[in-house]
Amino acid sequence: MRLPFFVYGTLRPGEVNHDRYLYGRIRSAGPARLADAALYDGPGYPYAVAEPGGVVHGDLVTALPEAYDELLPALDELEECVPGDPRSLYERVARQVTLDADGSAELAWVYVAGPVVAARLRARGRRIAGGDWRSRGPRHDASG
């Protein structure tokens, strides 16, 4: 499936990996949110983890058709995502995201914490209050 990407960390416009991976390869980017997920702080980048009632804020980016076949494996490599390998740092999953502009829903690829990482984060990770990595400030652990 050639889906757009929901990005919530270093791939967001203005962040360190946006220009390196997405500049010149996308036709649009706009604010969006992922429901039923929480955001956890990683070593320099965040992780989205499935969590009922939570929300993660980010951007929906749509790749240029001619760049898609090059972009998808580049992002998988960046995210240390090996499809089907539960030991991957992240896994790429198709999820509905909501566009902030008009409230419409769109199916997108989302890199979420891999199963081993997600379990560790739920047990003792540092959750980012408000679900927006750009405005991370006060944090609390998974128990609070």
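For the structure, check the block above.
The model shown is predicted, which means the values in this text are computed figures rather than measured ones. (Residues numbered from 1 in each chain as written. Predicted model: local features only at pLDDT ≥ 70, side-chain atom pairs only at ≥ 80, totals over all residues. Heavy atoms only, no water.)

S.K.: How should I be thinking about the environment of Val110 in this particular structure?
M.R.: The residue Val110 is located in strand S5 (residues 105-113) in this model. Each C-alpha atom of the pair Val110 and Leu34 lies 8.9 Å from the other, and the pair is 76 residues apart in sequence. (Helix = DSSP H or I, 4+ residues; strand = E, 2+ residues; numbered from the N terminus.)

S.K.: So what exactly am I meant to see when it comes to the pairing of strand S2 (residues 26-41) here?
M.R.: Consecutive residues of a regular strand have side chains that alternate between opposite faces of the sheet. The pairing of S2 with strand S3 (residues 46-63) spans 14 bridges and is classified as antiparallel. Note on S3: the bridge partner recorded for Ala35 is Val55. Following S2, the chain reverses through 4 residues before pairing antiparallel with S3; Gly44 in that reversal takes a positive phi of roughly 95 degrees. As paired strands, S2 and strand S4 (residues 90-99) are joined by 2 bridges and run antiparallel to one another. (Pairing = 2+ DSSP bridges.)

S.K.: I tried to follow the pattern of salt bridges on my own but got confused; where do I start?
M.R.: For side chains of opposite charge, pairing can occur when their charged atoms come near one another. One pass over the full model with this rule turns up 10 salt bridges. Note that Asp69 and Arg2 form a salt bridge whose closest N and O atoms lie 2.6 Å from each other. You can see Asp69 sitting in helix H2 (residues 68-78) and its partner Arg2 sitting in the segment before strand S1 (5-7), a full 67 residues away along the chain. Given the relative accessible area of 59%, Asp69 is considered exposed. We note a salt bridge from Arg134 to Glu15, for which the minimum N-O separation is 3.4 Å. Placement of Arg134 in the loop between strand S6 (126-128) and strand S7 (139-141) and of Glu15 in the loop between S1 and helix H1 (16-22) is noted, with a sequence separation of 119 residues between them. Here the salt bridges do not stand alone but share partners, grouping Arg12, Asp59 and Asp132 into one network. (Salt bridge = Lys/Arg side-chain N within 4 Å of Asp/Glu carboxyl O. Buried < 20%, exposed > 50% of the residue type's maximum accessible area, 1.4 Å probe, protein only.)

S.K.: Hey, could you run me through H2 in this one?
M.R.: In an α-helix, one turn spans 3.6 residues, which is why side chains three or four residues apart end up on the same side. Where H2 is concerned, the buried positions are Tyr68, Leu71, Leu72, Ala74, Leu75 and Asp76. Taken together, the buried residues of H2 touch S1, H1, S3, S4 and S5. (Contact = heavy atoms within 4.5 Å.)

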